[in-house]
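One letter stands for each residue in the lines below.
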Amino acid sequence: MRQFQLFFAITIAGFLYGCSEPENWNDIPDGVPPGMVRDVKVVNLNGGAQITYELPIDNDLLGVKAMYSLADGEEKKAFSSAHRDTILLQGYNSTDEYIIHLVAVDKSWNESEPVEVRIKPLTPPIALIRKSIRTSSTFGGVYAQWDNPLNQELAVSLYTLDSLGEYQLYDTYYTEQAAGQVSFRGLENTRQQFRIEFRDKWNNYSKPYDTVLTPLFEEEIVGRDQNGYIWSRWGWDNKTTAYRGDINVPDGLTGNQTFATLHDGNLFNNNRYWNPFPANRLGQYIDWPDPEHMVLPMYFIIDMGKQAAYSRLRIWMRNRAPLFSGPIMTRFEIWGTNSPKPLDEIGDGSKEANLRYWTGWPEVGGTNEWQNDWVKLTAAELKLPSGQTDPNLLTNEDLEFIRAGFEFEIDPQYAESDFRYLRFVIKETNYNNEPFIQVCELKFWGAYATD
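Computed from a prediction, not measured in an experiment: that's the story for all the values here. (Residues numbered from 1 in each chain as written. Predicted model: local features only at pLDDT ≥ 70, side-chain atom pairs only at ≥ 80, totals over all residues. Heavy atoms only, no water.)

A. Spotlight on the overall build of the protein chain. From N to C terminus, the protein chain includes five helices and 24 strands. Expressed as a percentage of the 451 residues in the protein chain, the buried residues total 45%. Of all intrachain contacts in the protein chain linking residues separated by at least 6 positions in sequence, the fraction that spans at least 24 positions is 69%. (Helix = DSSP H or I, 4+ residues; strand = E, 2+ residues; numbered from the N terminus. Buried < 20%, exposed > 50% of the residue type's maximum accessible area, 1.4 Å probe, protein only. Contact = heavy atoms within 4.5 Å.)

Below is the structure:
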C-alpha cells in the first residue's frame, strides 16, 4: 500500500511540474543591429543575378534582405534566411546595370548598414524566347513554336487586326514548356496580318512579332454521310487483324457497343460506345503468343475511306459514373499511310512473320518495323487539368474538361500531307493500365485531298 501511495505522489508531482508555466525560450529583443554582409560576389544570369556573400557573425541573425527595383520602378524585396548565403534576383527585362542594397536583419528586426552591389543581367529570357519564334499557317489558324530552355512561365498572345486596322487580342495561351508550341484556331481562310507577344510572370513584354499568313481551310473529316458509313475498322471483316496484332476480339455484346458508334453523333453517352472486350473477359482467354490475348500496346487501324490531311482530333469517353471511371487511352500515337504493306510481302507471309513486322510485342519477337513505312502524326498524352487520376477526386474544371472531350493536335508539319489509313498505338490506359478501352465518339478535322 505504501508503494502505491509513493507512486501516486510521484505521478501527481510530475503532472504538476508538466503543467507549470513554460519557460520562454525566445531571444530577448535588443536594439543592437547585426554586422554587414561581406565578401559579396555576383554571377549575372539571364534576366537576373545570383548574389553570394559571407554572413555576419551574430547569434540572433534572421537573414539577409535585398532591396531592388525592376522596370516598373517599384521597390521590391527579396529575403534569404541565415541558413543560406545566396539571394537569387529575377525579372529584369534589360541588360542595364542595376544597384542592389543588401541588409542583414536580426530577430529583433534590427537592420545593418546597407551594402551596395551592382549587377548587370544577361539577355532576358523573354528576349531569347522572342528570337526563337517560328510561325506557319495551320488549319483554321496560326501555328507558333519557340524555345524556352529556362522553362519560364509564359503568356503567349495572338492579336488580329480589326476593321479600323488596330490590333485586338484574339487569344492567350499559358505554358512553361521548354519546347513551346500552340495552334490558334477559328480564323478565316484569308491572307491576314497577325501579331504575337510573349509576357512573363513579372509582366515583362517581348518585342511584338508580326507576320502575314493565310490560315488553312479546315473541315470535319466525317465518319458517315447520307450515303452510309465512310470509316471502317480495317482488317476486321477479313480477319487479317490477327496477322497485324490489331484488336482482334469482338466488339461489345450489343449493337450499342460496336465500332459504328464511334461516329454516330452521341458525343458523351453511357450506353452507346465502342467497346472491344478483351478476350479473357469473354471467357476466351488464350495464352501467348496468340495475339487474340490483348496486351499493351494495343493497335487498331481505321480506313478513313478517303485521303485527307489532319489537323486535330477529339475523343469522348464513356459517360460512366463517376466520370473518368470508364476505360480510355491516356497515352497513344497515331500513324498514317496510304499504302499499308500487304501481308504476303512480309517475310514468308505467315502470321508469325507479320506479327514480328506489325507489333512491338517481345513475346512474338515484335520489331515495330511497320513504323518505317508509316508517318507518326502525333504522340498524345491525356492529363486532366488538376493532374488527378482518381475519379473520386476530380475538380469542377476536370469534369468540364472530360465532358467537352479530349482534343489532341496533329503535328502541323503534316498539315498538307494526305493519308487514308490511320493506325492507333495505345500505350497506356487509365484502367489500371489494362488493355481495355470504351470510346464514345471520335472526331477528326482537317481537309480532304483534292482530286
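Now that the structure is up, let's keep going.
B. Structural context of helix α4 (residues 351–358). Buried within α4 we find A353, N354, L355, Y357 and W358. Tucked into the core, α4 has its buried residues touching α3 (241–244), β19 (298–317) and β23 (419–429).

C. Looking closely at the environment of L216. Its location among the elements puts L216 in the loop between β14 (209–213) and β15 (219–221). Sequence separation between L216 and V142 is 74 residues; the distance between their C-alpha atoms is 8.9 Å. For L216, the residues in contact, after removing those within four places along its chain, are S137, T138, F139, G140, N189, A415 and E416.

D. View of the pairing of strand β8 (residues 134–138). Bridge count for β8 against strand β9 (residues 141–147) is five bridges, and the pairing is antiparallel. Across the sheet, residue S137 finds its bridge partner in β9, namely V142. In this antiparallel pair of consecutive strands, β8 and β9, the connection spans two residues, and G140 shows a positive phi of 70°. (Pairing = 2+ DSSP bridges.)

E. Up close: a nonpolar patch on the surface. Judged by side-chain polarity, V43, L45 and L88 come together as a nonpolar surface patch covering roughly 240 Å² of accessible area. Relative to the assigned elements, L45 resides in strand β1 (residues 38–45). (Patch = residues over 30% accessible without salt bridge, like charges linked within 9 Å, V, L, I, M, F, W, Y side chains within 5 Å. Areas by Shrake-Rupley, 256 points an atom, 1.4 Å probe, with all protein chains shown as cover. Salt bridge = Lys/Arg side-chain N within 4 Å of Asp/Glu carboxyl O.)

F. Looking closely at the side chain of R318. Along the polypeptide, R318 turns up in the loop between β19 and β20 (329–337). One buried charge, R318, has no salt-bridge partner; the nearest side chain with opposite charge is E434, at 13 Å. A polar side-chain atom of R318 sits 3.2 Å from a polar atom in the side chain of Q438. Ignoring sequence-local partners within four residues, the contact set of R318 consists of F268, N269, N270, Y273, Q438 and C440. (Lys, Arg positive; Asp, Glu negative; His and termini not counted. Polar contact = N/O pair within 3.5 Å; in protein donor to acceptor, adjacent residues only side chain to side chain.)

G. Molecular detail of the side chain of Q438. Among the structural elements, Q438 can be located in the loop between β23 and β24 (439–448). Reaching out from Q438, the side chain makes a polar contact with the side chain of N275 at a distance of 3.1 Å. Each residue touching Q438, except ones within four places of it in the same chain, is listed here: Y273, W274, N275, M317, R318, G326, P327 and I328.

H. Inspection of the pairing of β14 at higher detail. Burial along β14 is one-sided: Y209, T211 and L213 are buried, while D210 and V212, pointing the other way, are not. Strand direction decides the pairing type here: strand β13 (residues 192–200) and β14, joined by five bridges, are antiparallel. Paired with F194 across the two strands is T211, which belongs to β14.

I. View of the nonpolar core. In terms of nonpolar packing, the biggest core is built from 41 residues, with Y310, F424 and F444 touching the most fellow members. Contributions of two or more residues to this core are made by β19, β20, β21 (375–381), β22 (406–409), β23 and β24. Per-element accounting of this core gives the leading share, nine residues, to β19. Those residues in contact with Y310 that sit more than four places away from it in its chain are F139, I221, M304, L377, I410, F419, L422, F444, W445 and G446. Counting 18 residues, the second largest nonpolar core, distinct from the first, contains L70, A78, I87 and V117. (Core = buried A, V, L, I, M, F, W, Y, C linked by side-chain atoms within 4.5 Å.)

J. How the structure looks around the pattern of salt bridges. Under the defined criterion, the tally for this structure stands at 22 salt bridges. Across the pair R331 and E428 runs a salt bridge, and its minimum N-O distance is 3.2 Å. Here the residue R331 occupies a position in strand β20, and E428 occupies one in strand β23, the gap between them amounting to 97 residues. Overall, R331 belongs to the partly exposed group, its relative accessible area being 31%. Through salt bridges that share partners, R185, E218, R312, R314, E407 and E409 make up one connected network.

K. Highlighting the sheet that holds strand β10 (residues 154–161). Read across the sheet, four strands follow the order β11-β10-β13-β14 without closing on themselves; strand pairing throughout is antiparallel. Edge positions in the sheet fall to β11 (167–175) and β14, since each has one partner strand and no second. Ignoring which end each strand starts from, the neighbouring axes of this sheet average 25° apart. Here eight bridges tie β10 to β11, and the two strands are oriented antiparallel to one another. Residue pairing across strands places T160 opposite Q168, the latter belonging to β11. (Axes fitted to C-alpha atoms, helices over the stretch in contact; angles between N-to-C directions.)

L. Focus on the environment of L55. For L55, the position within the fold is in the loop between β2 (48–54) and β3 (61–69). For the pair L55 and R38, spaced 17 residues apart in sequence, the C-alpha to C-alpha distance is 6.7 Å. Beyond its immediate stretch of four places on either side in the chain, L55 contacts R38, L61, V64, A82 and R84.

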